[in-house]
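Residue-level structural notes
The chain contents come next:
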Amino acid sequence: MVNKRKTKSERNGKHKKTVRNYAKQDIEQSRAVIEAVSKRPSLWNKKLDSYKNRNVQNDGWTAIGSEVGLPTAEAKAVWKNLLNSYRTYRSKVKKSKHSGAGASEVYVPRWFAYEAMAFVEDTMEDANHQDTVCIIYVWFKYMYV
């Protein structure tokens, strides 16, 4: 039999792990922030004129902070992290929907907030961009005619 050396915490009788509820609290807090932000389109909908108004933005974040019980800066940071995670998962879903992919090959995120944050989907669509080659062609056509 191999004699294993005990760690210092095991010798002192402190080898029991303490269970922390940080993750559970973070999930509940994140869901509360998502719910609060979803009620205020001026914070996430770039198509609205009020999105560019700093006073409306600041008032919205202050209200969210008091509603959720967080300082304003921390509520913003939670939202920023959630939005970054949503973008990452959304990108994985889009990449998995390549041409010829079957339904079983499409990535399905298991992240707790993916469905709850679907309201920001419309604001993340790429704008229609004109092809640069087309613009150059038109420019040359009018310059040298």
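See the structure printed just above.
Not measured: the values here are computed from a predicted model.

Parameters at a glance
Residues numbered from 1 in each chain as written. Predicted model: local features only at pLDDT ≥ 70, side-chain atom pairs only at ≥ 80, totals over all residues. Heavy atoms only, no water. Helix = DSSP H or I, 4+ residues; strand = E, 2+ residues; numbered from the N terminus. Buried < 20%, exposed > 50% of the residue type's maximum accessible area, 1.4 Å probe, protein only. Contact = heavy atoms within 4.5 Å. Areas by Shrake-Rupley, 256 points an atom, 1.4 Å probe, with all protein chains shown as cover. Salt bridge = Lys/Arg side-chain N within 4 Å of Asp/Glu carboxyl O. Expected span 1.5 Å × (residues − 1). Polar contact = N/O pair within 3.5 Å; in protein donor to acceptor, adjacent residues only side chain to side chain. Core = buried A, V, L, I, M, F, W, Y, C linked by side-chain atoms within 4.5 Å. Phe/Tyr/Trp six-rings, centres within 6.5 Å; stacked < 30°, edge-to-face > 60°.

To continue, consider the overall build of the chain. The number of helices and strands found in the chain is five helices and zero strands. The order of helices and strands in the chain, counted from the N terminus, is α-α-α-α-α. Counting all 145 residues of the chain, 23% fall into the buried class. Sequence separation of 24 or more characterises 58% of the internal contacts of the chain that already satisfy a separation of 6 or more. For the chain, the accessible area works out to roughly 11700 Å², and carbon and sulfur atoms hold 52% of it.

Before going further, it helps to spend a moment on the pattern of salt bridges. Think of it this way: side chains of opposite charge can pair up when their charged atoms draw near. Applying the stated criterion across every chain, the model contains three salt bridges. Notably, a salt bridge pairs Lys39 with Glu67, separated by 3.6 Å at the nearest N-O pair. Here Lys39, found in the loop between helix H2 (22-38) and helix H3 (54-68), pairs with Glu67, found in helix H3; they are 28 residues apart in sequence, far enough to count as distant. The exposure class of Glu67 is partly exposed, given its relative accessible area of 41%. Here Arg40 ties to Glu67 by a salt bridge, and the two come within 3.1 Å at their closest N and O atoms. Of this pair, Arg40 sits in the loop between H2 and H3 while Glu67 sits in helix H3, and the two are 27 residues apart along the sequence. In the salt-bridge network here, residues are joined through shared partners; they are Lys39, Arg40 and Glu67.

A few words now on the side chain of Asn45. Structurally, Asn45 can be placed in the loop between H2 and H3. Judged by relative accessible area, Asn45 falls into the buried class, the value being 16%.

When the terminal C-alpha atoms of helix H4 (residues 72-96) are compared, their 36 Å separation across 25 residues agrees well with the 36 Å that a helix rising 1.5 Å per residue should span. If you check which residues of H4 are buried, you get Ala75, Val78, Trp79, Leu82, Leu83, Tyr86, Arg90, Val93 and Ser96.

Bringing the side chain of Ser30 into the picture now. As for its placement among the helices and strands, Ser30 is situated in helix H2. Residue classification places Ser30 among the buried positions, given a relative accessible area of 11%. Polar contacts involving the side chain of Ser30 include one to the main-chain carbonyl oxygen of Asp26, which spans 2.8 Å. Not counting the four nearest positions on each side in its chain, Ser30 is found in contact with Val78, Leu82 and Phe112.

Ranked by internal contacts, the top residues of the largest apolar core, which has 22 residues, are Trp79, Leu82 and Met117. Mapped onto this core, the elements with two or more residues apiece are H2, H3 and H4. The element contributing the most residues to this core is H4, with seven residues. Non-local contacts of Trp79, meaning those with residues more than four positions away in its chain, are made with Val33, Ile34, Val37, Trp44, Trp61, Met117, Phe119 and Val120.

Applying the stated criterion across every chain yields a total of five aromatic pairs. Judged by centre distance (4.9 Å) and plane angle (70°), the ring pair of Trp44 and Phe119 falls under edge-to-face. With Trp44 in the loop between H2 and H3 and Phe119 in the loop between H4 and helix H5 (132-143), the pair connects residues that are 75 residues apart, well separated along the chain. For Trp44, a relative accessible area of 14% translates into the label buried.

Worth remembering: the numbers are spatial, not functional.
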